[in-house]
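# Chain and residue survey
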Amino acid sequence: MRSVTSEGGRQQAVVVRRSESADARGIDGLIGPSAVAVFGRVNVIHLLEKANLAVTLANEREDIVAHASFFDHPIGGLVDQAHWEPFLQKHFSAKTCTPWNTLFLHIFLAQPDFAASCIKEIMRAVFNAVTELQNVCLVSPNVGRLEAALEEVFEPLRRRTDPGPRCLAFVCCREEHSPQLLIRPARVEDHDDIMHINAEREDPRAPLLVEMLEAQDEKNPALVCESDGFAAGLMRLSTAVDVTRLNADFECDDFGGFCRREDAEETQSAGRSSENPNAVCIQDFIIHKNYAARSVDFIPYIFNLFPDLDFCIVSVPKPSPKLPLLLQSFLRRTSRASSWPPQDLYVLPRAGLSGVEMRSAVAADRPALCDLVKGLRLSEALLQDLDCFYESRRDPGGVALQAFVAQHGGQLVGILILRDEQDAEYICARYNIENFIYFSHHRREELAHMRHLVLKSCFQHLGRHLFKEVLRLAHRSCLFHRTYPCIQGQEHTQNSCVHPLDVVLDGAVPVCPRRQILYPLEQLGTNGPSRRITEDQAPFALSLISRKLTLEPKVAVNARIVVVGASDTGLSFLEVLCLCPHLRFHSLTLLSTHGFPGDHEHDDVGFLSTSHAYSRRDLAQLPLRSCVATVTGKMVGINRKSKLVLVSDGVKLPYDHLVLCTGLQYQVPGPPGVDLQPNGSRYTGPVPANLLTLNDLQDCAAARRWLLSNFVELEDNAVVYGDGIDVFTATETLLRLGVRGGRIHLVLPPPGGAPPRPDDPVVERAVAAALREAQVQVHRRCLLTRMDGGGDEAPLTSVSFASEGGPLRLQCGVFINLSNKGVDYDAFRSINSCFLPFDGRLVIDATFCTCDPCVSGAGPLTKFSRRYHADEWSHGNFDSREVGRDLAATLLPRFDPTLQPEAPPERGRLLPLYKQAKIRGGRLPGGLNYLHVTKPSPSYAAGPPVTHLQDSGIVTGRAETGNYFSLRLDRYDLVDELTCLSLEPLPFSNYLCLFGKHQQLLGQLSSRYRQGLIHDLYSFFRQSWCLAIYHDRFCDFEQELQQIITEDERPRDGAAVRSSAARFLSYNRNLLPMFARPGLL
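Residues numbered from 1 in each chain as written. Predicted model: local features only at pLDDT ≥ 70, side-chain atom pairs only at ≥ 80, totals over all residues. Heavy atoms only, no water.

Our focus in this paragraph is the overall build of the protein. Counting secondary structure elements, the protein contains 32 helices and 50 strands. A compact globule built from 1081 residues should have a C-alpha radius of gyration of about 31 Å, and the protein, at 33 Å, falls within 12% of that. For the protein, the spread of C-alpha atoms along the principal axes amounts to about 105 × 80 × 65 Å. For the protein, the proportion of its 1081 residues judged to be buried stands at 55%. By sequence separation, contacts in the protein at least 24 residues apart represent 72% of the contacts at least 6 residues apart. About 48,800 Å² of surface is accessible on the protein, with carbon and sulfur atoms providing 50% of the total. Seen as two clouds, the 113 positive and the 127 negative side-chain charges of the protein have centres 3 Å apart. (Helix = DSSP H or I, 4+ residues; strand = E, 2+ residues; numbered from the N terminus. Rg over C-alpha atoms; globule rule 2.2 N^0.38 Å. Buried < 20%, exposed > 50% of the residue type's maximum accessible area, 1.4 Å probe, protein only. Contact = heavy atoms within 4.5 Å. Areas by Shrake-Rupley, 256 points an atom, 1.4 Å probe, with all protein chains shown as cover. Lys, Arg positive; Asp, Glu negative; His and termini not counted. Charge placed at Lys NZ, Arg CZ, Asp CG, Glu CD.)

When strand β29 (residues 635-639) meets strand β30 (residues 644-647), the two strands line up antiparallel, connected through four bridges. Counterpart to N639 in the pairing with β30 is L644. Where β29 hands over to β30, the hairpin turn is made up of four residues, of which K643 adopts a positive phi near 55 degrees. (Pairing = 2+ DSSP bridges.)

Both strand β1 (residues 2-5) and strand β2 (residues 11-18) contribute to a ladder of four bridges, which runs antiparallel. Within β2, the residue paired with R2 across the bridge is V14. Joining the antiparallel neighbours β1 and β2 is a turn of five residues, in which G9 adopts a positive phi near 95 degrees.

Let us look at the packing of aromatic side chains. Within the structure shown, the criterion is met by 25 aromatic pairs. Between F828 and F838, the aromatic rings sit 5.0 Å apart at their centres with planes inclined by 65 degrees, giving edge-to-face as the arrangement. Pair noted here: F828 is in helix α25 (residues 825-833) and F838 is in the loop between α25 and β43 (842-844), with a separation of 10 residues, a long-range link. According to the relative accessible area criterion, F828 is partly exposed, its value standing at 25%. The class for F838 is partly exposed, based on a relative accessible area of 24%. A network of ring pairs unites the aromatic residues F965, Y991, Y1018, F1020, F1021 and W1025 as a single cluster. (Phe/Tyr/Trp six-rings, centres within 6.5 Å; stacked < 30°, edge-to-face > 60°.)

What follows covers the sheet that holds strand β7 (residues 155-156). In spatial order, the strands read β1-β2-β3-β4-β5-β6-β8-β7; together these eight strands make up an open sheet with mixed pairing. Looking along the sheet, the strands with just one partner apiece sit at the ends: β1 and β7. Relative to strand β6 (residues 135-140), strand β5 (residues 102-110) runs parallel, the two being bridged by three bridges. Pairing of T102 across the sheet is with N135, part of β6. Across the face of the sheet, helix α5 (residues 115-129) comes into contact with β1, β2, β3 (53-59), β4 (64-71), β5, β6 and β8 (168-173) while running at roughly 45 degrees to β4. (Axes fitted to C-alpha atoms, helices over the stretch in contact; angles between N-to-C directions.)

Our next topic: empty space enclosed by the protein. Summed over all chains, the structure comprises three cavities of 30 Å³ or more. When its volume is computed, the largest cavity comes out at roughly 170 Å³. Considering the residues around the largest cavity, the lining is formed by 20 residues, among which L505, P510, K554, C578 and C627 are closest to the centre. Those elements that provide at least two residues to the lining of the largest cavity are β20 (478-483), α16 (501-507), β22 (509-511), β23 (541-546), α19 (568-578), β26 (583-585) and α21 (624-627). For the lining of the largest cavity, the class distribution of residues is 14 nonpolar, four polar and two charged. (1 Å grid on protein atoms, 1.4 Å probe; cavity = no way out; pocket = protein on both sides within 12 Å on 5 of 7 lines; lining within 4 Å. Points joined across faces, edges and corners; volume = space filled by probe spheres on them. Nonpolar A, V, L, I, M, F, W, Y, C, P; charged D, E, K, R; others polar.)

Read across the open sheet, the three strands follow the order β38-β39-β40; overall the sheet is antiparallel. At either margin of the open sheet sits one strand with a lone partner, and together these are β38 (782-789) and β40 (806-811). Strand after strand, the sheet turns through a mean of 20 degrees between neighbouring axes, direction not considered.

Below, the discussion takes up the nonpolar core. One finds F39, F70, L105, F108 and F154 to be the most contacted residues of the largest nonpolar core, which totals 50 residues. Among the elements that make up this core, the one with the highest residue count is α5 (seven residues). Each residue touching F39, except ones within four places of it in the same chain, is listed here: I75, L105, H106, I107, F108, L138, N142 and L150. Membership of the second largest hydrophobic core comes to 43 residues, among which are Y519, L978, F1064 and F1075. (Core = buried A, V, L, I, M, F, W, Y, C linked by side-chain atoms within 4.5 Å.)

Attention now moves to helix α31 (residues 1034-1046). Here α31 is 13 residues long and its end C-alpha atoms lie 18 Å apart, about the 18 Å a rise of 1.5 Å per residue gives. Among the residues making up α31, those that are buried are F1034, F1037, L1041 and I1044. Along the long axis of α31, the arc covered by the buried residues comes to 70 degrees, so they all point the same way. Elements that come into contact with the buried residues of α31 comprise α32 (1055-1067). (Expected span 1.5 Å × (residues − 1). Arc of directions from axis to C-beta.)

Moving on, we get to the pattern of salt bridges. Between side chains of opposite charge, a pair can form as their charged atoms come close. Going through the model one piece at a time under the given rule, you end up with 52 salt bridges. For D297, the salt bridge identified is with R294, shortest N-O distance 2.5 Å. Residue class for D297 comes out buried when judged on its relative accessible area of 8%. One salt bridge in this structure joins D420 and R476, with 2.5 Å as the shortest N-O distance. Taken together, the positions of D420 in strand β18 (residues 411-420) and R476 in the loop between α15 (463-473) and β20 put the pair 56 residues apart, joining distant regions of the chain. Overlapping salt bridges bring together K50, R443, E445 and E446 as one network. (Salt bridge = Lys/Arg side-chain N within 4 Å of Asp/Glu carboxyl O.)

Another point: the environment of A556. Considering the arrangement of structural elements, one finds A556 in strand β24 (residues 555-557). Separated by 30 residues in the primary sequence, A556 and H586 place their C-alpha atoms 7.2 Å from one another.

This is the structure in structure tokens:
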């Protein structure tokens, strides 16, 4: 909180923050005649959308006290925004004003009594927020008289031409509001001031401060920053840099190995290390929190102190709880896996200290650009687009291109090529870009697609300035970047040369995809959405860069977070972390048995049922591949003392926080040729080639390939063993591959432990009838006792079972094992050997914590501690994606300095109960597409879950005809269970939206069904009125209606509800054009 003072001496506490769209009404109320006379008439929402920086002062009641918006160009049409610099320097004495260090005030509004104090507070905040900013100009074609508050802060720019342009021209310099700190050599007399700062951070080295100050010399100097005669910070430097160790621990080739150029050539030829490092190291740094924003004032002094050195470096141990603001100006390099202890290296080159100059590319730049991109992947595509720009300013498809180069010291150090965005409607409909911008306030010509970006390593930390300048020079407001997955068969989609990708990840915000409506397009006809929206494109992850994001740096999180298991829970956890717009996680690692789960040929490989959580397309639309390092292998050990995860191939993964979410897997029953005991020890030896234990899509894809090559054309039998829905989906897959039903033996063990089979008797009867029709032989209540083959790795020849009717022996050419689901043996051994509590599952508390605060667990792998006395509940009873999101929300306060950890008392004592539905689907025998959606329910030891007498069901169709649809309503008339069995493909995402909806919201479903008006729920839910319910923002609309209904002061005539519905349909008319809108009829 800050304090502002009125002209009468009254003080008011205010919060200085970035402006939000919700502030628009309060800002609009501050506009008066004096502001219009200087700044002209403004659209506040448009101003907030296009401003590079907008600052608001709000009091404790959230009333807007003052506001100011800053742009990177002057007001109005006085001069083209791309050419303001020569204009300003021609007509005014403004040689120090450059795009690198200057912003322009476009509006200032304040409550009249507080205007003078507010403008000073805003200018202080702006200069502190933008470290390179030196000047704020007010240049306006509206020749009005400045308010007294502005006259006190701004001074006129001296004119150089007479008569010059008719405009106002004022400037406000940094020195008046946030002056640069005085940097000087440290003295022993500074001891008391530094000790005061040390007391706040409790530095154990504080007693040695006097010795440090006395021991400094030319190679090991100490510097202090001084303000008002007091030392506000201390920095210790050293030129004794171990170059050999740095090059061994870090990738330093981009910086010449930190050797001087001539020394590097000599040492490279001589094969020895250089004794003359080209870097100075910051060994220690402290600064008072009130001056932390001016930490960068040390940097010019350092390079002036060592004029022959080109790099300033800082080595930071992992994890650092909070990185100093100083390091926002540095480049980051991660240590190699072999280095110990693990550290991060931050590098600031001398060349990157003064920024870069951006300009449009010219033909003479091509030779230098060829050298710049030489050896980069997809550099040919970049050069082809560059040639098209030189020839016609358009690509081969006729779409406009723009090319800009970054220049420093007369050398080209970067290039950025833009293309007009042709799919703006598609992007707006498929991605949540309106989380960051109001799409309707950006003209089509202001949107661009970033085709190529190359920037030298020494200037990567200037990426935000590069984007800001390109947006200004290109007259754009938003840039979009697409990242396509590198999947076999889709290499043609990724034809953008972006190097390095970190520049985009640091400067852009990731945009999450939107849930899509599956439209009955043939039924809608001309009332359907535009083809630009409904057409299928190759999936991509989207990043957005807008003007207002260019001056909003992200918080770097260096904590090493390792997620074990590519389960729905683990992927959901990583999704939340990767989509945090204000955080940049540098060390996210996923350990998965088969690598990244989206790297497979297609989704419909069969064999296993699905939770419909993440399809390959869903994963391609998330930035997981760009933000998460994937390690292929299995966890075989955990060293909690050293914080290491041991991987099956010998790799050791260091972690600061470990998340275990491996889920449950089907286990290999036991060794061939040995009698098996019920609940015996797990088998981990060699597995016969025709014993297929399937646990994920990669296993299923490998099994499919093996069957097509080694089994389908033969006449041997296939034995499918297990319980649950997966045995039926696997049987259907075998039938679809061409295996005759007479060759398939489906063996079902006694009930217990496995995922439930379809609990709807209608579905069970339909599956049984389909199996009989296909002549599949079904053996019930059989327990596997023996597998026989020719040796440890020789194929199985027969399997034996114990049944109520006597022993059963089956010859088999392939044995598909879908039984004995539990914790993977390697995961169990890793957990147990490091003494984490294990009670059939990994034991956790209500906040996902194990006995180790650095190890969390989530998903079906876990169970709650017995102290909760709720053994019937575990994460396995809930939707895994919802559990993963809650895990991320619980852990984020540890890494996000903008979040305050919540007080744990109640959360630690009460179990979390989640509301999202449990989903299971697949293709069952007979070609029946199956979907079952139900509310979370406890796992009872005996008997089915309790059904309330007030529950009612709505059923249409018959399983035999392939159009069975069942809905169950709870006692509150909410949909709490849904079962579909259809020969036609199911619009899964649409039907999932029905869960939890009231029957009245679904077109008075219950009463119309009782009246005999609904004969087919499939056609009923295909009607156009239902499409609004399937909209991804319909839940927000419901919340708005709930708020309207619960506000007593509102009239109950329905006008407010109708108005809200009209706004919802009008705002989303691109996706819901089939609804009439006010004024349309």
